[in-house]
Amino acid sequence: MQQQPSTPPPTEPTLPAAAPLSEPVTLPTTRPTGCPFDPPAELAQLREEQPLRRMQYPDGHLGWLATGHSVVRSILADSRFSSRYELMHLPLPGGPGELPPAPPGDMSGLDAPEHTRYRRLLMGKFTVRRMRELTARVEEITAEHLDAMERRGGPVDLVTAFAQPVPALMICELLGVPAADRDIFQRHTAAVTDQSTTLEDQMAAYTAIQEIIHGLVLAKRARPTDDLLSDLAQDGGLTDEELAGVGAFLLGAGLDTTANMLALGTFALLSNPDQLAALRSDSGLADQTVEELMRYLTIADTGIRAALEDVELEGQLIKAGETVTVSIQAANRDPKRFPEPDALDVHRKATGHLSFGHGAHQCLGQQLARVEMRVAFPALLTRFPTLRLAVAPEDVPLRTRSNIYGVHRLPVTWDQESGR
Amino acid sequence: MKLSVDRERCCGAGMCALTAPEVFDQDDEDGRVLLRDPQPPHRHHAAAREAAAICPAAAITVIEARET
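Described below are features of the structure shown in this document. What you see is a predicted model; the values in this text were computed from it and never measured.

What counts, and where the lines are drawn
- Per chain, residue numbering runs from 1 following the sequence as it is written.
- Each chain is given a letter, starting from A, and each ligand a number, starting from 1, according to the order in which they appear as written.
- Local features in a predicted model are, by the rule used here, given only for residues with pLDDT of at least 70; side-chain atom pairs are given and counted only at 80 or more, and totals for whole chains, interfaces and linings are based on all residues.
- Calculated side-chain values reflect all of the structure's heavy atoms, with hydrogen atoms and water omitted.
- Secondary structure follows DSSP: runs of H or I at least 4 residues long count as helices, runs of E at least 2 residues long count as strands, and numbering of each begins at the N terminus.
- Each residue's exposure class comes from its accessible area (1.4 Å probe, protein chains only) as a fraction of the maximum for that residue type: buried when under 20%, exposed when over 50%, partly exposed otherwise.
- Our radius of gyration is a C-alpha quantity, and the globule rule it is checked against amounts to 2.2 Å times the number of residues to the power 0.38.
- Two residues qualify as a contact provided that any one of their heavy atoms is within 4.5 Å of a heavy atom in the partner residue.
- Note on areas: Shrake-Rupley with a 1.4 Å probe; residue coverage comes only from the protein chains shown.
- A positive count includes Lys and Arg, and a negative count includes Asp and Glu. His and the chain ends are not counted in either.
- Charged side chains are reduced to one point each, which is NZ for Lys, CZ for Arg, CG for Asp and CD for Glu.
- A simple way to read buried area is as the amount of 1.4 Å-probe accessible surface that goes missing from two parts once joined, with both sides added.
- Salt bridge, as used here, is a side-chain nitrogen of Lys or Arg placed within 4 Å of a carboxyl oxygen of Asp or Glu.
- In the analysis that follows, any N or O atom pair within 3.5 Å is treated as a polar contact, provided that within protein one partner can donate a hydrogen and the other can accept it, and provided that, for residues neighboring in sequence, both atoms belong to side chains.
- Think of it this way: DSSP has to see at least two bridges between two strands before they count as a pair.
- Between the first and last residue of a helix there are one fewer steps than residues, each counted as 1.5 Å, and that sum is the expected span.
- Each C-beta atom gives one direction from the helix axis, and the arc is the one those directions make.
- To form a nonpolar core, buried Ala, Val, Leu, Ile, Met, Phe, Trp, Tyr and Cys residues must be joined to one another through side-chain atoms within 4.5 Å.
- Two rings belonging to Phe, Tyr or Trp (six-membered ring only in the last case) form a pair when the distance between their centres is within 6.5 Å. Interplanar angles under 30 degrees mark stacking, angles over 60 mark edge-to-face geometry, and anything in between is tilted.
- Two conditions define a charge located above a ring, namely a distance within 6 Å from the ring centre to NZ of Lys or CZ of Arg, and an angle within 35 degrees of the ring normal.

**Section: the overall build of chain B**
Across its full length, chain B holds two helices and four strands. Reading the secondary structure of chain B in the N-to-C direction produces β-α-β-β-α-β. Judged by the C-alpha coordinates and their principal axes, chain B covers about 40 × 20 × 15 Å. Residues classed as buried in chain B amount to 46% of the 68 residues present.

**Some points on the overall build of chain A**
Of regular secondary structure, chain A possesses 16 helices and ten strands. Taken over the C-alpha trace, chain A has a radius of gyration of 21 Å; the compact-globule value for 420 residues is 22 Å, and the two agree within 12%. Counting only C-alpha atoms and orienting by the principal axes, one finds that chain A spans roughly 60 × 55 × 35 Å. Taking all 420 residues of chain A together, the buried fraction comes to 58%. When contacts within chain A are restricted to residue pairs at least 6 apart in sequence, those whose partners lie at least 24 apart make up 72%. Of the roughly 16600 Å² of accessible surface on chain A, a fraction of 52% belongs to carbon and sulfur atoms. Seen as two clouds, the 39 positive and the 55 negative side-chain charges of chain A have centres 4 Å apart.

**Considering the interface of chain A and chain B**
The interface of chain A with chain B comprises 20 residues on the first partner and 23 residues on the second. The largest share of the area that chain A buries against chain B comes from A:R120, A:M123 and A:R129, three residues that together contribute 31% of it. Here chain A and chain B share four salt bridges between them. For B:D28, the salt bridge goes to A:R129, with nearest N and O atoms at 2.5 Å. Between chain A and chain B we count ten residue pairs in polar contact (both at pLDDT 80 or more) in total. Elements with a contribution of two residues or more to the side of chain A that touches chain B: α3 (114-123), α4 (128-132) and α16 (366-383) of chain A. If you tally residues by element for the side of chain A that touches chain B, the top one is α4(A), at four residues.

**Quick look at the side chain of B:T19**
Considering the arrangement of structural elements, one finds B:T19 in helix α1 (residues 15-19). Engagement of the side chain of B:T19 in a polar contact is seen with the backbone oxygen of B:M15, the distance being 2.6 Å.

**Remarks on the sheet that holds strand β4 (residues 156-157) of chain A**
Residue and element names in this part refer to chain A. Pairing within the open sheet is antiparallel, and its three strands lie in the order β4-β10-β9. The open sheet is flanked by β4 and β9 (388-389), the only strands paired with a single partner. As judged from the two bridges shared by β4 and strand β10 (residues 411-413), these two strands associate in the antiparallel manner. Opposite V156, over in β10, you have V412 as the bridge partner.

**Thoughts on helix α5 (residues 135-152) of chain A**
All names here are of chain A. Over its 18 residues, α5 runs 26 Å from end to end, which matches the ideal 26 Å to within 8%, given 1.5 Å per residue. All of the buried residues along α5 are V138, I141, T142, H145, L146 and M149. One face of α5 carries all of its buried residues, which in axial projection span an arc of 135 degrees. Away from its buried face by more than 90 degrees, α5 exposes A136 and R151. Elements in contact with the buried residues of α5: β4, α6 (158-163), α7 (165-175) and α16.

**Re the pairing of strand β2 (residues 62-66) of chain A**
All names here are of chain A. Extensive coverage of β2 is indicated by the burial of four of its five residues. What sits between the antiparallel neighbours strand β1 (residues 52-56) and β2 is a turn of five residues, in which G60 has the positive phi angle 100 degrees. As judged from the three bridges shared by β2 and strand β8 (residues 323-327), these two strands associate in the parallel manner. Counted as the bridge partner of W64 is V324 from β8.

**Focus: the nonpolar core**
Membership of the largest hydrophobic core comes to 98 residues, with the highest contact counts inside it found for A:M149, A:L250, A:L251, A:L297, A:L410 and A:V412. If one sorts the elements of this core by residue count, α16(A) sits on top with nine residues. If near-sequence neighbours (up to four positions away) are discounted, A:L251 is found in contact with A:I171, A:C172, A:L175, A:V177, A:F185, A:I209 and A:I213. One finds B:A13, B:A52, B:A57 and B:I60 within the second-largest nonpolar core, a separate group that totals 19 residues.

**Some thoughts on the packing of aromatic side chains**
Pairs of aromatic rings are described using the distance from one ring centre to the other and the angle between the two planes. Residue and element names in this part refer to chain A. All chains considered together, the criterion is met by three aromatic pairs over all chains. Judged by centre distance (6.2 Å) and plane angle (40 degrees), the ring pair of F37 and Y296 falls under tilted. With F37 in the segment before α1 (41-49) and Y296 in helix α14 (residues 286-297), this residue pair connects regions lying 259 residues apart in the sequence. You can call F37 buried: its relative accessible area is 8%. Residue classification places Y296 among the buried positions, given a relative accessible area of 7%. With 4.2 Å between their ring centres and 35 degrees between their planes, F384 and W414 make a pair best called tilted. In this pair, F384 is assigned in the loop between α16 and β9 and W414 in the segment after β10, connecting sequence segments 30 residues apart. According to the relative accessible area criterion, F384 is buried, its value standing at 0%. Each residue in the set F37, F267 and Y296 is aromatic and connected to the rest through ring pairs, giving one cluster. Residue placement shows R54 over the ring face of W64; its charged tip is 4.1 Å from the ring centre.

**What about the environment of A:D106?**
Residue and element names in this part refer to chain A. Residue placement: D106 occurs in the loop between β3 (81-82) and α3. We classify D106 as buried; its relative accessible area is 9%. Sequence spacing of D106 and Y118 is twelve residues, and the spatial spacing of their C-alpha atoms is 9.0 Å. At 2.9 Å, the side chain of D106 and the side chain of Y85 are in polar contact.

Dropping the structure here:
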């Protein structure tokens, strides 16, 4: 998933039900009550009326909001739209108004050629083949955590027992971060993406991660081991500061993304028993179920870009300096691209979703995420054939104030005797 | 069908190698696209077209053969 700069807490939408097309809108943020998997309802209306329209930003900036699949995809692919944080106006109120430039190593806030330099150092480390070679290790870690759940018996919180530790251990192993440091990183990473904390707290958490990684980098330079940070330390041509930044970026991207997909995805499957039954009865559906869950849930729901020059799009003129908010979640529910978009359908071919982004910044770790989800979902469902929520669906706490959507906890249980 | 790839544009996301592994591969060192078969047999055409369509960097060009 794409990493985006922190955005401030959402507030109630101020959008009138039928704003005239000429009127700028604000970004809808409130998901419909009782529908934890659906985007804010106003987004569908905006997309239908005008997939690219003027948007009023909280700092007074008059920019744009893109909601259609085709226009969102075009913007993300177009190098005339910048990813540099310092050029962006934030789409939600309460923030500081402007962001500092990306710290060293934070590729998601850079354009070519600076972005390309980092990306090319890392591309060979995350290929389809290399990530598939990790399958056996993912299976091992997955099985260990399912064993522990089974021994303990339900109810358990799936987030802490399974969804967080499996991808966390994988990214730590890949980078060469000691497993003992995992909890500290997990906590700090949650703080970085939590919109209910202050920007100062977010920066402090980010700095804390970087300091630990900086120490690691120095250790890897002195005594290389068989891992990604050591490889980069040997021949990456990066300064200590840049390498620590890259490490923090990759760790953050690996800790807080797949974890949310696994927990929210399980919640979605348990809430759609017919789809769950279809998946259980045909293991050949696993690959496309992963893609469909990615599309349907779109946990990195919003992106931001800034126009570097005047761009004509959909018959409208976006002027240099204007910010465009791209609603990935609206794009992934566009009926022009995906028929019956609001249904979770494991038989659907959801390829072409924008959940990993699009363009030069498309998620570098997506093939790792796919391997993790491809292993973890079927393993969980096979191990616990009677898996179910241990609380009412409306009592599952949602991460409504995070840049990455998901659940804070997912209490689940199963029939002990038929647990295996 | 004839295919060409632009390794300068390629951003190494791996979507082509995932979608049409008989046609596209990734270099183990730099992660960039490798074209395994610039003129793939008919049975791989649909996958190759899809790979070109979803490539995040628009680095794959498809030239369709004229119908005769």
